Amino acid sequence: MTNAPRPYESYVYAYPHKTAYRPLADRPALRELWADERKDALSLYLHIPFCEVRCGFCNLFTRIGAPDELTTRYLDALDRQATAVADALHARAATGVRFAAAAFGGGTPTFLDAGELERLCDIAEKRMGADLRTVPLSVETSPSTATADRLSVLAERGATRVSIGVQSFVEEEAKAAVRPQRRSDVEAALGRIRDARIPVLNIDLIYGIDGQTPESWRLSLDAALAWRPEELYLYPLYARPLTPLGRRAHPSEAGWDAQRLDLYRRGRDHLLARGYEQVSMRMFRRSGAPREGADDYACQTDGMIGLGCGARSYTSDLHYSFDYAVGMREIRSIIDAYTTTEDFSRAEVGRAVDADEARRRHLLQSLLQAEGMAVKGYRERFGSRPADDFPAELDRFADLGWLDTDTGPGLLRLSPTGLAYSDALGPALFSPAVRAAMAAYEAK
């Protein structure tokens with residue numbers, strides 16, 4: 001068997017990554033980009049780039065606080081952008097524009113107060129035409145912002161899922177991850193979420209924190225399980241450039257990899273033994289819990305509309321957004337520029353997705369799901385087989401023991417080892433061009 005690579009190369013949550021995006025010289029008009037796209041099963045994402053604190057591991061596009069009525073100015077800009085995007089979608093639509101799913105992310109959307117959350121919902125509904133009471137709506141929150149009045153607004157407006165970033169129920173570990181919080185506050189927030197009767201509760205936990213042990217990891221898992229969450233996400237800790245943890249000394253790569261892999265396996269086995277099913281390396285769903293997400297939306301093939309300066313939008317041949325940064329000064333500058341923008345009718349920053357990249361994206365996003373990928377669907381879309389398009393990559397995955405050998409020729413599915421190595425497998429499917437662009441990106 002080939003020697004396995006490091007298990008924690010990079011978390012692949014979208015492809016191509018935003019560090020491969022570049023300013024678009026032609027600044028294409030949105031109405032032209034969307035003219036010939038299917039618009040009957042779109043996903044809508046609204047990005048709120050504000051948090052009360054910056055966690056030590058976080059490299060998301062977000063800033064701490066919002067002085068001088070910045071949230072008002074941001075929502076004003078979001079409203080202008082939504083108006084321009086809606087006009088573009090409807091300009092040459094042969095069929096109706098319909099949203100199959102919606103999400104509020106960040107940052108922390110519940111950084112907004114209850115009245116501002118009402119306005120955010122109004123933008124989604126009245127400007128974009130997304131009926132939040134009939135489509136799945138997922139909202140991210142934090143222990144300190146999951147207040148009763150905010151949760152009441154979300155429940156009344158149709159939220160079907162709330163995801164709360166707890167990371168650890170052990171206060172010393174939360175402090176080590178630069179996320180100071182009291183367990184009593186976390187438990188109180190979880191109680192308020194359950195009181196709001198939003199159908200799906202997701203709890204995020206992190207493994208690999210400095211000082212974390214199998215025993216303390218089990219404590220956090222059991223503390224989360226006490227709330228019977230419909231979903232649990234188990235994230236490996238990363239120390240990324242320009243983040244607080246990225247500037248600290250951290251364990252040797254080999255030692256840290258071994259710790260994280262051991263805790264992952266313990267967490268996975270603990271949840272599987274308690275009635276949860278594994279959906280991906282990170283995601284676990286309680287058996288019998290409602291499935292969050294639209295039945296007729298597939299991230300591999302359907303379009304995404306992103307509103308807000310940290311959101312991405314996807315057409316079939318272009319992914320686009322705004323400028324990206326991790327450093328606080330640069331993030332503040334990008335947010336300030338966004339709030340003063342009047343014309344949102346053109347795409348500014350992005351990356352073209354040609355036929356090869358579309359194949360890579362489809363394979364990557366399908367294969368990283370525990371259920372695997374039906375070869376028939378791939379052939380119907382691209383007219384070829386994955387083994388024809390990616391023979392070297394799939395042969396290597398097989399040699400590493402990452403592919404399930406018990407499936408027939410019609411299904412590509414990862415083995416338990418393959419799922420554990422998802423953060424190595426995903427990057428292995430990046431194209432040379434995307435790798436080069438990411439390598440050339442200057443972190444800011």
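Residues numbered from 1 in each chain as written. Predicted model: local features only at pLDDT ≥ 70, side-chain atom pairs only at ≥ 80, totals over all residues. Heavy atoms only, no water.

Q: An account of helix α7 (residues 214-225) is requested, with residue identities and associated values reported.
A: Between the first and last C-alpha of α7 there are 16 Å, a value that for twelve residues agrees with the 16 Å anticipated at 1.5 Å per step. Every buried residue of α7 is accounted for by Ser216, Trp217, Ser220, Leu221, Ala223, Ala224 and Leu225. Buried residues belonging to α7 abut α5 (171-176), α6 (183-195), β8 (200-207), β9 (231-236), α8 (253-272) and β10 (276-278). (Helix = DSSP H or I, 4+ residues; strand = E, 2+ residues; numbered from the N terminus. Expected span 1.5 Å × (residues − 1). Buried < 20%, exposed > 50% of the residue type's maximum accessible area, 1.4 Å probe, protein only. Contact = heavy atoms within 4.5 Å.)

Q: Describe helix α9 (residues 328-339), with residues and values.
A: Taking 1.5 Å per residue, twelve residues should reach 16 Å; α9 reaches 17 Å between its end C-alpha atoms and fits that length. Buried within α9 we find Ile331, Ile334, Ile335, Tyr338 and Thr339. Seen along its axis, α9 keeps its buried residues to an arc of 135 degrees; they face one direction. (Arc of directions from axis to C-beta.)

Q: Explain the pattern of salt bridges to me, and be specific about the residues and the numbers.
A: For the structure on display, the rule yields 28 salt bridges. Notably, a salt bridge pairs Arg119 with Asp79, separated by 3.8 Å at the nearest N-O pair. Of this pair, Arg119 sits in helix α3 (residues 114-127) while Asp79 is found in helix α2 (residues 70-91), placing the two residues 40 residues apart along the sequence. When the shortest N-O distance is used, the salt bridge between Glu118 and Arg157 registers 2.6 Å. Linking Glu118 in helix α3 with Arg157 in the loop between α4 (148-156) and β7 (161-167), this pair joins segments that are 39 residues apart in sequence. For Glu118, a relative accessible area of 28% corresponds to the partly exposed category. With relative accessibility at 7%, the residue Arg157 sits in the buried group. A single network of salt bridges, built from pairs that share partners, joins Glu118, Asp122, Glu125, Lys126, Arg133 and Arg157. (Salt bridge = Lys/Arg side-chain N within 4 Å of Asp/Glu carboxyl O.)

Q: Please give an account of the pairing of strand β14 (residues 318-321) that cites residues and values.
A: Here β14 shows two buried faces, one formed by Leu318 and Tyr320 and the other by His319 and Ser321. Pairing of strand β13 (residues 313-314) with β14, which is carried by two bridges, proceeds in the antiparallel orientation. Pairing of Tyr314 across the sheet is with His319, part of β14. Counting the residues between successive antiparallel strands, the hairpin from β13 to β14 contains three residues. As judged from the four bridges shared by β14 and strand β15 (residues 349-352), these two strands associate in the antiparallel manner. Its bridge partner lying in β15, Leu318 is registered against Ala352. (Pairing = 2+ DSSP bridges.)

Q: Can you lay out the nonpolar core for me, pointing to particular residues and giving the numbers?
A: Core analysis: the biggest nonpolar cluster contains 116 residues, and Leu44, Met128, Leu205 and Ile305 have the highest contact counts within it. It is α2 that provides the largest number of residues to this core, a total of eleven residues. If we skip the residues at most four places from it in the chain, Leu205 touches Val166, Gln167, Ser168, Phe169, Trp217, Ser220, Leu221, Ala224, Leu232, Tyr233, Leu234 and Tyr235. Judged by nonpolar contacts, the second largest core, of nine residues, contains Ala177, Ile209, Trp256 and Val279. (Core = buried A, V, L, I, M, F, W, Y, C linked by side-chain atoms within 4.5 Å.)

Q: Residue-level account of the pairing of β7, with values.
A: Buried residues dominate β7, accounting for seven of its seven residues. Burial along β7 is two-sided: the residues Arg161, Ser163, Gly165 and Gln167 and Val162, Ile164 and Val166 are all buried. Pairing analysis gives four bridges linking strand β6 (residues 137-141) to β7, with the strands arranged parallel. If you follow Thr141 over to β7, its bridge partner there is Ile164. Following the backbone out of β6, through α4 and into the adjacent parallel β7, one traces a crossover that is right-handed. Bridging between β7 and β8 involves six bridges; their strand directions are parallel. Paired with Gly165 across the two strands is Asp204, which belongs to β8. (Right-handed = clockwise from strand over helix to strand, strands pointing away.)

Q: Let's hear about the environment of Thr134: which residues, and what values?
A: Tracing the sequence through the fold places Thr134 in the loop between α3 and β6. Separated by 305 residues in sequence, Thr134 and Ala439 have C-alpha atoms that sit 42 Å apart.

Q: I'd like a description of the packing of aromatic side chains, backed by residues and values.
A: Tallying each qualifying case throughout the model produces 17 aromatic pairs. Taken together through their ring pairs, the aromatic side chains of Phe50, Tyr74, Phe111, Phe322, Tyr338 and Phe344 make up a single cluster. The ring of Trp256 carries Arg260 above its face, with NZ or CZ at 3.8 Å from the centroid. The ring of Tyr314 carries Arg361 above its face, with NZ or CZ at 4.8 Å from the centroid. (Phe/Tyr/Trp six-rings, centres within 6.5 Å; stacked < 30°, edge-to-face > 60°. Lys NZ or Arg CZ within 6 Å of the ring centre and 35° of its normal.)

Q: Could you give an account of the packing of α7 against α8, with specific residues and numbers?
A: Packing of α7 against α8 leaves a shortest axis separation of 10 Å and a crossing angle of 35 degrees. In this structure, the crossing between α7 and α8 has a hand that is right-handed. When α7 is examined against α8, the residues Pro214, Trp217, Arg218, Leu221, Asp222 and Leu225 are found in contact with a partner set consisting of Asp262, Leu263, Arg266, Gly267, His270 and Leu271. (Axes fitted to C-alpha atoms, helices over the stretch in contact; angles between N-to-C directions. Left-handed = near helix turned anticlockwise from the far one by under 90°.)

Q: Let's hear about the side chain of Glu37: which residues, and what values?
A: Examined against the element boundaries, Glu37 turns out to sit in the loop between α1 (30-33) and β2 (42-48). No salt bridge is formed by the buried Glu37. Its closest oppositely charged neighbour is Lys39, at 7.5 Å. A polar contact is formed between the side chain of Glu37 and the side chain of Ser316, at a distance of 2.6 Å. Filtering out sequence-adjacent residues up to four positions away, Glu37 remains in contact with Thr315 and Ser316. (Lys, Arg positive; Asp, Glu negative; His and termini not counted. Polar contact = N/O pair within 3.5 Å; in protein donor to acceptor, adjacent residues only side chain to side chain.)

Q: Tell me about the packing of α2 against α3, and please be specific about residues and values.
A: Their axes nearest at 10 Å, the elements α2 and α3 cross at an angle of 10 degrees. By the angle class used here, α2 and α3 are roughly parallel. Residues Thr71, Thr72, Leu75, Asp76, Leu78, Asp79, Ala82, Thr83 and Ala86 of α2 lie in contact with α3, whose contacting residues are Glu116, Arg119, Leu120, Ile123 and Arg127. (Parallel < 35°, antiparallel > 145°, perpendicular 65-115°, else oblique.)

Everything listed here is a matter of coordinates, which is why it stays silent on function.
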